[in-house]
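So you can see what is in the structure, the chains are spelled out below.
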Amino acid sequence: MQSTLNPISNSSSHQFQLPWKYAKPSQCVSKTLKFTSKKTLTFAANSLRTSINYEPEESLNKGPEPAGPTKLPVVVRGSGRVSRYFWDGNCLQLISVDGGASSFRFESDDQFRKLFKICSLTVRDFFIPKQVSGNYMGYVKWKFLHRLFSSALQVLATQAMFRAIGIGHSHSLPAAAALNWVMKDGLGRLLGFTIFPWCIDVIIPYDQSAVHRSFAVADNLGEISAKAQIQTVCFDNLGLMLAASLNMLLKNNQRLQAGLPFVVYPIFSAIDLLGIYQALKHVHLQTLTKDRLEIILDKWIESGHVPSPAEVSKDEGIDFLWSKGRQMWPIRIGCINPKGQIPKLSMMAMQSLSGEDYYFMCMEIFCRGLARKGQLGILLCLREGASSTDIILGMLQACYVRKALQLSSWWMNMVVAGDVSDLVLNEWFKLNEDSKQCAKRDMCLLNEQMSGLGWAMKNILLSTQERVRYSFVDD
């Protein structure tokens, strides 16, 4: 079968070697397609379109689309909104680019949605400071859970107290008494503490709270403290309303109302403790404690970099009496315990001191919790006048010593067997000297990285037992 197809010549067509020949424009009014069956199909040439460069006929007659507003390189951030300037050819427009409600040109189909966004932004500005770190919202969510159920527990405890003193004989008195306490105490705190923080925010330019300081990204500690007071009051009153609602729902059933505290108390207490724990997980404190410093130094020795406050917060946990010292060769800061000392090692460590030393280390045996069997550990004794740099240096050296002791079971066997021979003493002092040199070598880079991540290195928070110091007497 042979056929000849002569479409209209188009100057904008691609230069392909097509299997047909182009005819002159004057010949393109109508063409015929001939088949071997002698049948002829006639149609208009301008109705033919190939799949190459196909465009609808309407688009050929359509003019150029109007250009949209021109984006200007200026973005405005404020009150939780992000807006950008646009030029439409006649006037300057400020349009929201984050889905916020900075533009009040409501359309009929989304007025409710934009009104809801305006209300949510208003509530957010009332409760949330304008400039805070990214982990602040997670902290507020868990704080809300904690304060809500904690306040509800207070109402239930008050109701139980009313029943204990004999105010539960009437069906309505317990709920009425609890609700009266809600109105008296809750609304009083709402009026007293909601207005007051707004005033105190202007008077007090800063706050000493370490928690609030960890959320601040600007000089707005006073604002963060004021918002925290507002959050506490409002969350507490929501919890009071929750407990009062439970009492009102069960006021017609005396038995259920009497058993309400026994059923709700363990559930609310568990949720309350969970909220406290998770909220503290979002508090990335930059202050240094002994445990926090130990986590930093272990990460430094293992990987060669200093972890951020957020990374340390994930590794921190709750120190129970039975959980302390689970790590092999735990480190303790304090003074020598006569009951847990290794006499010869302790004596040699103290005899080797000089006036230039601000700490010394030795091994010790201490009992963990209620266990009778002692555990070997490392004791770091600090001298009066030891600075934060001396404490960091001593802890870094102790971590190096622990790393070496964990890699060899020889030390454990020798000390447990009571074989503190001259060989053990020589190896111990050699290990101390090598670890001290490594600690001094790394101090410069360690301080630089810790300062760069925002760690507060000027002061290290120690417990009462960890603040016990010794004095050096050269006589």
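Before reading on, note that the structure itself is shown above.
These notes cover the structure that comes with them. (Residues numbered from 1 in each chain as written. Predicted model: local features only at pLDDT ≥ 70, side-chain atom pairs only at ≥ 80, totals over all residues. Heavy atoms only, no water.)

This paragraph deals with the overall build of the protein. Broken down by element type, the protein carries 13 helices and 11 strands. Burial analysis of the protein (475 residues in total) assigns 34% to the buried set. Partitioning the contacts of the protein with sequence separation of at least 6, the portion at a separation of at least 24 is 66%. With the model as given, the accessible surface of the protein reaches about 29,600 Å², and the carbon-plus-sulfur share is 59%. (Helix = DSSP H or I, 4+ residues; strand = E, 2+ residues; numbered from the N terminus. Buried < 20%, exposed > 50% of the residue type's maximum accessible area, 1.4 Å probe, protein only. Contact = heavy atoms within 4.5 Å. Areas by Shrake-Rupley, 256 points an atom, 1.4 Å probe, with all protein chains shown as cover.)

With that settled, the discussion passes to the packing of aromatic side chains. Think of a pair of aromatic rings as described by two things: how far the centres are apart, and how the planes are tilted against each other in angle. Applying the stated criterion to the full structure yields eight aromatic pairs. Note on phenylalanine 144 and phenylalanine 235: the rings are 5.0 Å apart at their centroids and 80° apart in plane angle, and the pair reads as edge-to-face. With phenylalanine 144 in helix H3 (residues 136-164) and phenylalanine 235 in helix H6 (residues 221-249), the pair connects residues that are 91 residues apart, well separated along the chain. What makes phenylalanine 144 partly exposed here is its relative accessible area of 30%. Judged by relative accessible area, which is 8%, phenylalanine 235 ranks as buried. For the pair phenylalanine 360 and tyrosine 470, a centre-to-centre distance of 5.3 Å together with 65° between the ring planes defines the contact as edge-to-face. With phenylalanine 360 in strand E8 (residues 359-367) and tyrosine 470 in strand E11 (residues 469-470), this pair connects stretches of sequence that are 110 residues apart. Judged by its relative accessible area of 16%, tyrosine 470 is buried. (Phe/Tyr/Trp six-rings, centres within 6.5 Å; stacked < 30°, edge-to-face > 60°.)

Our next topic: the packing of helix H8 (residues 290-303) against helix H11 (residues 388-406). Working note: a packed helix pair is described by the angle between its axes plus the distance between those axes. In contact at an axis separation of 10 Å, H8 and H11 are set at 55° when each is read in the N-to-C sense. The angle between the axes of H8 and H11 places the two elements in the oblique class. The chirality of how H8 crosses H11 is right-handed. Residues Lys290, Leu293, Glu294, Leu297, Asp298, Trp300 and Ile301 of H8 touch H11, and the partners they reach there are Ile392, Met395, Leu396, Cys399, Tyr400 and Arg402. Its residues assigned to classes, the contact of H8 with H11 shows nine nonpolar, no polar and four charged. (Axes fitted to C-alpha atoms, helices over the stretch in contact; angles between N-to-C directions. Parallel < 35°, antiparallel > 145°, perpendicular 65-115°, else oblique. Left-handed = near helix turned anticlockwise from the far one by under 90°. Nonpolar A, V, L, I, M, F, W, Y, C, P; charged D, E, K, R; others polar.)

All right, on to the nonpolar core then. Ranked by internal contacts, the top residues of the largest apolar core, which has 43 residues, are Leu405, Leu446 and Met450. Counting residues per element, the ones that place at least two in this core are H8, strand E7 (331-333), E8, strand E9 (374-383), H11, helix H13 (422-452) and strand E10 (456-461). Counting residues per element, this core draws most heavily on H11, which supplies 10 residues. Residues Tyr136, Val140, Ile224 and Cys234 belong to the second largest nonpolar core, which totals 12 residues. (Core = buried A, V, L, I, M, F, W, Y, C linked by side-chain atoms within 4.5 Å.)

Taken as a whole and assessed by the stated rule, the structure comprises 11 salt bridges. A salt bridge links glutamate 294 to arginine 402; the shortest N-O distance between them is 2.7 Å. Here glutamate 294 is found in helix H8, whereas its partner arginine 402 is found in helix H11, with 108 residues between them in sequence. Here glutamate 294 falls in the buried class, since its relative accessible area comes to 9%. Taking the relative accessible area as the measure of exposure, arginine 402 reaches 1% and is therefore buried. (Salt bridge = Lys/Arg side-chain N within 4 Å of Asp/Glu carboxyl O.)

Looking now at the environment of glycine 452. Structurally, the position occupied by glycine 452 is in helix H13. On the accessibility criterion, glycine 452 (66% relative accessible area) is exposed. For the pair formed by glycine 452 and serine 308, sequence separation is 144 residues and the distance between their alpha carbons is 9.7 Å.

Here we come to unusual backbone geometry. For tryptophan 329, which is not a glycine, the phi torsion comes out positive at approximately 55°. With respect to the helices and strands, the residue tryptophan 329 is situated in the loop between helix H9 (309-315) and E7. A residue is classified by how much of its surface remains accessible, and tryptophan 329, at 1% relative accessible area, is buried.

Here we come to H8. The end-to-end C-alpha separation of H8 is 20 Å, in line with the 20 Å expected for 14 residues at 1.5 Å each. When we look at burial in H8, the residues that qualify are Lys290, Arg292, Leu293, Glu294, Ile295, Ile296, Leu297 and Trp300. Summarising the contacts, the buried residues of H8 are in contact with strand E6 (287-289), H9, E7, H11, H13 and E10. (Expected span 1.5 Å × (residues − 1).)

Our focus in this paragraph is the packing of helix H2 (residues 111-127) against H6. As a packed pair, H2 and H6 sit with axes 8 Å apart at the nearest point and diverge in direction by 110°. Between H2 and H6, the crossing angle belongs to the class labelled roughly perpendicular. When H2 is examined against H6, the residues Asp125, Phe126 and Phe127 are found in contact with a partner set consisting of Lys227, Ile230, Gln231 and Cys234. A class-by-class count of the residues in the contact of H2 with H6 yields four nonpolar, one polar and two charged.

With respect to the helices, strands and loops of the structure, proline 307 is situated in the loop between H8 and H9. With 146 residues separating them in the primary sequence, proline 307 and leucine 453 have C-alpha atoms 8.2 Å apart. Setting aside its immediate chain neighbours within four residues, proline 307 contacts Ile296, Lys299, Val312, Leu453 and Trp455.

What follows is about H11. For H11, spanning 19 residues, the distance from its first C-alpha to its last is 27 Å, which sits close to the expected 27 Å at 1.5 Å a residue. Burial analysis of H11 places 15 of its 19 residues in the buried class, the great majority of the element.

Any functional reading would require information beyond the geometric quantities listed.
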